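So you can see what is in the structure, the chains are spelled out below.
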Amino acid sequence: MLNIVIFGAPGSGKGTQSARLVEKYGLNHISTGDVLRAEIKNGTELGKTAKGYIDNGQLIPDALMIDILASVFDSFKDSKGVIFDGFPRTIAQAEALKTMLAERNQEVSVMLDLEVPEEELMTRLIKRGQESGRADDNEETIKKRLVVYHSQTAPLIDWYKKDGKYSHIKGVGTMDGIFADICAVIDKL
Ligand code: ATP
Ligand code: MG
């Protein structure tokens, strides 16, 4: 089973590339951001809790995210593989993912780090906010999310390097070009 972590700052293109991977390799996709947005839309208790954090550019507490992740993962039956998009976002989440997979005799196959310069991220997210109306894609919240990314999420780069799973992907260029680079890594696994 392929367990692919797609990693990168907000707006780095994780969702876009995940959709292509799903189609090409027949994988299941877990986007924690999509799960939370669906909960908010449905007005659930979890959605109400999540909204407070998301609108403020903050992360949802680890314990909550880890439970959600495990239950979505276990809902996939006879899966060829899973793409983890937006998870892990903290060292605690990476450790929990490792444990959860080990308990199921599995492991992360690769962590793909989509690297995109900050100015480009800002431009993409502001444009996405105008087009999709996503509440957290406004300049003030984007800035907070980038601070959170640098302080809480970027340390995962070294964590996955030490774990021997890290792969760098240049996240700027055409969507097809970036996808080709990602496939070249996966096809070597
Ligand atoms: P991209 O544009 O690359 O898909 P993103 O950062 O814009 O990424 P999402 O992954 O959709 O967006 O996440 C949106 C918000 O949901 C985050 O800012 C955070 O508040 C919350 N969230 C998503 N995943 C997690 C997680 N693993 N842990 C904590 N909070 C999370
Ligand atoms: Mg996304």
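These remarks concern the structure in this document. (Residues numbered from 1 in each chain as written. Chains lettered and ligands numbered in written order. Predicted model: local features only at pLDDT ≥ 70, side-chain atom pairs only at ≥ 80, totals over all residues. Heavy atoms only, no water.)

Before going further, it helps to examine the overall build of the protein chain. Along its length, the protein chain carries nine helices and five strands. Here the C-alpha radius of gyration of the protein chain, 16 Å, is about what a compact globule of 189 residues would show, namely 16 Å. Considering only C-alpha atoms, the protein chain reaches an extent of 40 × 40 × 30 Å along its principal axes. A buried classification covers 45% of the 189 residues belonging to the protein chain. In the protein chain, of all internal contacts separated by at least 6 residues, the share reaching a separation of at least 24 is 76%. Carbon and sulfur atoms provide 52% of the accessible area of the protein chain, an area that totals close to 9600 Å². Of note, the protein chain has its 24 positive side-chain charges centred 2 Å away from the centre of its 28 negative side-chain charges. (Helix = DSSP H or I, 4+ residues; strand = E, 2+ residues; numbered from the N terminus. Rg over C-alpha atoms; globule rule 2.2 N^0.38 Å. Buried < 20%, exposed > 50% of the residue type's maximum accessible area, 1.4 Å probe, protein only. Contact = heavy atoms within 4.5 Å. Areas by Shrake-Rupley, 256 points an atom, 1.4 Å probe, with all protein chains shown as cover. Lys, Arg positive; Asp, Glu negative; His and termini not counted. Charge placed at Lys NZ, Arg CZ, Asp CG, Glu CD.)

Moving on, we get to the nonpolar core. Val5, Ile30, Phe84, Leu97 and Tyr160 are the most contacted members of the largest nonpolar core, which has 37 residues in total. When contributions to this core are tallied by element, the ones reaching two or more residues are strand E1 (2-8), helix H3 (45-55), helix H4 (62-75), strand E3 (81-85), helix H5 (91-103), helix H6 (118-132), helix H7 (139-153) and helix H8 (156-162). A per-element tally of this core places H4 first, with six residues. Apart from the residues within four sequence positions on either side, Tyr160 is in contact with Val5, Pro88, Ala94, Leu97, Val108, Met111, Lys165 and Tyr166. Formed by 16 residues, the second largest nonpolar core is a distinct cluster that contains Ile6, Val110, Ile178 and Cys183. (Core = buried A, V, L, I, M, F, W, Y, C linked by side-chain atoms within 4.5 Å.)

In this section: the site of ligand 1. Lining the immediate surroundings of ligand 1 are 24 residues, of which Lys14, Thr32, Gln58, Arg89 and Arg145 lie closest. Within the side chain of Lys14, a nitrogen or oxygen atom sits 2.7 Å from an oxygen atom of ligand 1. Separating an oxygen atom of ligand 1 from a side-chain N or O atom of Arg145 is a distance of 2.7 Å. Computed on the free molecule, ligand 1 has an accessible area of 630 Å², of which 96% lies beneath the protein chains in the complex. When contributions to the shell around ligand 1 are tallied by element, the ones reaching two or more residues are helix H1 (14-25) and helix H2 (32-41). Here the shell around ligand 1 takes four residues from H2, the largest share from any one element. Here the residues of the shell around ligand 1 sort into eight nonpolar, nine polar and seven charged. (Near = heavy atom within 4 Å. Polar contact = N/O pair within 3.5 Å; in protein donor to acceptor, adjacent residues only side chain to side chain. Nonpolar A, V, L, I, M, F, W, Y, C, P; charged D, E, K, R; others polar.)

Quick look at the packing of H2 against H3 now. Two numbers describe how H2 lies on H3: the axes approach to 8 Å, and their chain directions differ by 115°. With respect to the hand of their crossing, H2 and H3 are arranged in left-handed fashion. The residues of H3 that touch H2, namely those facing Leu36, Glu39 and Ile40, are Leu46, Gly47, Ala50, Lys51 and Ile54. Its residues assigned to classes, the contact of H2 with H3 shows five nonpolar, one polar and two charged. (Axes fitted to C-alpha atoms, helices over the stretch in contact; angles between N-to-C directions. Left-handed = near helix turned anticlockwise from the far one by under 90°.)

On to the pattern of salt bridges, then. In this structure the tally under the stated criterion is 17 salt bridges. Among the salt bridges present, the one from Glu140 reaches Lys144, with a minimum N-O distance of 3.9 Å. Taken together, the residues Glu140 and Lys144, both in helix H7 and four residues apart, mark about one turn of the helix. Judged by its relative accessible area of 30%, Lys144 falls in the partly exposed class. Taken together, the salt bridges that share partners define one network made up of Arg128, Arg134, Asp136, Asp137 and Arg145. (Salt bridge = Lys/Arg side-chain N within 4 Å of Asp/Glu carboxyl O.)

Cis geometry is found at the peptide bond from Phe87 to Pro88, where omega equals 0°. Its location among the elements puts Pro88 in the loop between E3 and H5. Residue Asp78 is not a glycine yet carries a positive backbone phi of 50°. Along the chain, Asp78 falls in the loop between H4 and E3.

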